[in-house]
Amino acid sequence: RRDLASHITSDMYLYTSSGQKVGWWPGTKVLNVSTQSAWSDTLVSFVTDDLLASGYWDGVFYDNMWDGISYFVGTDVDYNRDGKKDTQIDATWKRGMEYIYTQTKKKNPGKIIVGNGSTGEYDGLLHGKMLENFVGGDAWTPTMNRYKQNESSALSPSVHIINANTLNKGGGETAYRQMRFGLG
């Protein structure tokens, strides 16, 4: 993390039209993944030159690789820093993610690339996806359908991750029943 963070400059963050850094998770700011942004190229280079070139890893898992950004941060996004709200912010985000996945694969043939998300937006670009917040009950059927779709659209070899957790709820560290369900 520290090595990657040392490559981040202020122009790599995502900003609002008023020039404020965009935040989503407490204590963090969102980086700009618009197509061929400085951040996107830095990330792909770091994954290629520092992580995968080390020989320790068979691939990479990209987190926070959503199919759009407006759901998380709203619609006041200024990708090009011209002081105006951009339109098509979700489509721009998606193109940027496609660029990251495509460039990672191009520079690292034979390596496994996994992302997260529950939609089919990046089908055919990844070896698999992580399904987060895996639950049973009413969500079982749609989750299993998404898993089946992920498998049928994944590059070979396919690698999928199911993440069962306590949804960041306090006291989750003692939710042993939920932990056993996730392990099962």
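Residues numbered from 1 in each chain as written. Predicted model: local features only at pLDDT ≥ 70, side-chain atom pairs only at ≥ 80, totals over all residues. Heavy atoms only, no water.

(A) The nonpolar core, seen in detail. L14, L43, Y62, I69, W93, M97 and Y101 are the most contacted members of the largest nonpolar core, which totals 30 residues. Put simply, the parts of the chain that give this core at least two residues each are helix 2 (38–51), strand 1 (59–62) and helix 4 (89–107). Ignoring anything within four residues of it in the chain, the contact list for Y62 reads L43, V44, V47, I100, Y101, T104, I113, V114, G115 and N116. (Core = buried A, V, L, I, M, F, W, Y, C linked by side-chain atoms within 4.5 Å. Buried < 20%, exposed > 50% of the residue type's maximum accessible area, 1.4 Å probe, protein only. Helix = DSSP H or I, 4+ residues; strand = E, 2+ residues; numbered from the N terminus. Contact = heavy atoms within 4.5 Å.)

(B) Focus on the pairing of strand 3 (residues 128–131). Where burial is concerned, the two faces of strand 3 agree: the one with G128 and M130 and the one with K129 and L131 are both buried. Of the pairings in the sheet, the one linking strand 3 to strand 4 (residues 161–162) comprises 2 bridges and is parallel in character. Bridge pairing links L131 to I162 in strand 4. (Pairing = 2+ DSSP bridges.)

(C) Geometry of the environment of V33. With respect to the helices, strands and loops of the structure, V33 is situated in the loop between helix 1 (2–5) and helix 2. Accessibility expressed as a relative area gives 5% for V33, which makes it buried. Along the sequence, V33 and I100 sit 67 residues apart, while their C-alpha atoms lie 8.1 Å from each other. V33 has contacts with W39, S40, W93, G96, M97 and I100, leaving out every residue within four places of it along the chain.

(D) Representation of unusual backbone geometry within the structure. Here the amide bond leading from S156 into P157 is cis, since omega sits at 0°, within 30 degrees of zero. For P157, the position within the fold is in the loop between helix 5 (140–153) and strand 4. Positioned with a positive phi, R81 is a non-glycine residue whose angle comes to about 60°. Along the chain, R81 turns up in the loop between helix 3 (70–73) and helix 4.

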